[in-house]
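Chain and residue survey
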Amino acid sequence: MIYLDNAATTKISSTALAIMVEIMQEHYGNPSSTHGLGRDARKYLRQARESIAGHLKVSADQIIFTSGGTESNNLAILSYALSHQHQGKHLITTAIEHHSVLEVFHKLEKEHGFEVTYLQPKDGHCRIEDFRTVLREDTLLVSMMAANNETGSLLPIAQVGQILQEHPAAFHVDAVQWMGKRPIHPQELGIDFLTGSAHKFHGPKGVGFLYNSMPKLKSLILGGTQENKHRAGTENLPGIVAMATALDESLENWEKKEEHVQELRTTLLANLPESVFLNETGPQLPHVLSLMIPQVGKDSLLMQLDLAGIAVSGGSACTAGTLEPSHVIEAYYPDQTERINHSIRVSLSDETSLEDVLTFTQTLKKIIGGS
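Attention here is on the structure that accompanies the text. Worth saying up front: this structure is predicted, and the values here are computed from it rather than measured. (Residues numbered from 1 in each chain as written. Predicted model: local features only at pLDDT ≥ 70, side-chain atom pairs only at ≥ 80, totals over all residues. Heavy atoms only, no water.)

With respect to helix 2 (residues 36-56)
Here helix 2 spans 31 Å end to end across 21 residues, near enough to the 30 Å set by a 1.5 Å rise per residue. The set of residues buried in helix 2 consists of Gly 38, Asp 40, Ala 41, Tyr 44, Leu 45, Ala 48, Arg 49, Ile 52, Ala 53 and Leu 56. Looking at the residues trailing helix 2, positive phi occurs at Lys 57, about 60°. (Helix = DSSP H or I, 4+ residues; strand = E, 2+ residues; numbered from the N terminus. Expected span 1.5 Å × (residues − 1). Buried < 20%, exposed > 50% of the residue type's maximum accessible area, 1.4 Å probe, protein only.)

Things to note about the packing of aromatic side chains
Taken as a whole, this structure holds one aromatic pair when the rule is applied. On the numbers, 5.6 Å between centres and 65° between planes, the contact of Tyr 80 with Phe 193 is edge-to-face. Here the residue Tyr 80 occupies a position in helix 3 (residues 69-83), and Phe 193 occupies one in strand 7 (residues 193-197), the gap between them amounting to 113 residues. Judged by relative accessible area, which is 0%, Phe 193 ranks as buried. In this structure, Lys 89 packs its charged tip against the face of Phe 114, placed 4.8 Å from the ring centre. Positioned over the ring face of Trp 178 is Arg 182, at 5.5 Å from the centre of the ring. (Phe/Tyr/Trp six-rings, centres within 6.5 Å; stacked < 30°, edge-to-face > 60°. Lys NZ or Arg CZ within 6 Å of the ring centre and 35° of its normal.)

Regarding the sheet that holds strand 4 (residues 115-119)
Taken in spatial order, the seven strands make up an open sheet running 2-8-7-6-5-3-4, and their pairing is mixed. The sheet terminates laterally at strand 2 (63-66) and strand 4, the two strands that pair on one side only. Sheet twist, expressed as the mean angle between neighbouring strand axes with direction ignored, is 20°. The sheet strands contacting helix 3 are strand 2, strand 5 (139-143), strand 6 (170-174), strand 7 and strand 8 (208-212), and the helix crosses strand 7 at an angle near 160°. (Pairing = 2+ DSSP bridges. Axes fitted to C-alpha atoms, helices over the stretch in contact; angles between N-to-C directions. Contact = heavy atoms within 4.5 Å.)

Observations regarding the side chain of Ser 219
Residue position: Ser 219 is located in the loop between strand 8 and helix 8 (226-229). Of the polar contacts made by the side chain of Ser 219, one reaches the backbone oxygen of Ile 221; its length is 2.5 Å. Of the polar contacts made by the side chain of Ser 219, one reaches the backbone oxygen of His 230; its length is 3.2 Å. Among residues more than four places away in sequence, those in contact with Ser 219 are Leu 75, Lys 229, His 230, Arg 231 and Ala 232. (Polar contact = N/O pair within 3.5 Å; in protein donor to acceptor, adjacent residues only side chain to side chain.)

With respect to the environment of Thr 267
On the secondary structure map, Thr 267 appears in helix 10 (residues 254-270). Given the relative accessible area of 17%, Thr 267 is considered buried. When the C-alpha atoms of Thr 267 and Leu 358 are compared, they prove to be 7.8 Å apart, with 91 residues separating the residues in sequence. When residues no more than four places from it in sequence are discounted, the contact partners of Thr 267 are Leu 354, Val 357 and Leu 358. Within the local environment of Thr 267, its side chain forms a polar contact with the backbone oxygen of Glu 263, the two atoms lying 2.9 Å apart.

Below, the structure written as structure tokens:
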């Protein structure tokens with residue numbers, strides 16, 4: 001199988017897997033226990049927290065371990081909005097966010113009376129001018145992803161963070177697709193909450209983190225005092241240590257890895273059939289490509305590629321199996337139904353080979369030629 005669906009999940013690295021097994025077998029104490037095995041486990045928990053905090057250039061006590069990006073997004077947005085609604089009930093996000101962000105905002109609208117502004121991309125961009133226009137005195141929270149999971153589009157988080165330095169609104173960034181590809185330092189960018197998920201950078205599934213700079217963020221999961229009372233429940237120590245290990249590996253020589261992925265991207269685009277083209281959505285991370293293939297429907301194409309041993313996707317993995325069109329492509333191209341129904345996502349990693357990319361383009365040419 002040629003795997004070109006790395007935006008959905010990545011293969012766990014051998015180093016992360018090995019440390020995960022070691023923790024389960026040799027350091028299996030509960031970090032909350034006071035005996036020797038508990039203290040041993042707590043040491044590994046502390047080291048993992050310090051390692052991740054070091055990459056972000058933040059304090060270790062600002063890292064909350066969670067079950068992944070969805071929980072981290074829910075915790076940051078829902079907890080902060082409900083705890084601070086007396087300061088304002090206007091929220092800002094974008095129309096291209098992950099569903100774990102959008103559905104929280106929908107809940108706040110429907111059940112708690114918040115007013116939400118959904119920024120729409122225009123001409124392939126989420127424009128900073130539009131953000132300035134909708135920002136109000138009573139805006140409580142802004143949530144904007146660092147890079148889109150379906151197109152790789154980079155959003156103007158640095159500019160937003162700079163604007164909010166002069167505004168009391170909190171700033172949440174979903175950095176799930178960015179994390180492990182390039183460094184990111186939330187304090188330098190004016191970010192108050194930042195989300196990461198291990199399985200997007202060669203770590204295990206079911207574990208992630210939230211950077212939190214705000215005091216008294218109320219837990220959404222009750223029953224214990226773990227994670228400094230931010231998240232009840234025994235910590236997933238094997239997953240957490242493996243996540244820290246995977247992040248270390250991912251950010252080591254990251255520029256060389258990105259150069260490799262950029263070369264793959266350039267080769268892929270150069271070898272596509274002439275009738276296939278990239279969905280242009282402004283500046284993009286190189287590892288995600290949204291391709292418009294007019295000759296064949298998305299579902300049929302995915303099936304034919306799968307039969308040929310090539311894994312790609314039709315968009316976000318969280319909506320796989322549904323009949324709903326991609327809300328991301330729909331937001332970028334609202335009047336182009338054909339593009340919405342004929343776009344697929346190809347996502348690369350530093351482990352993808354040039355041969356993988358060329359096999360994909362050759363197979364695509366055969367499928368289109370026979371359609």
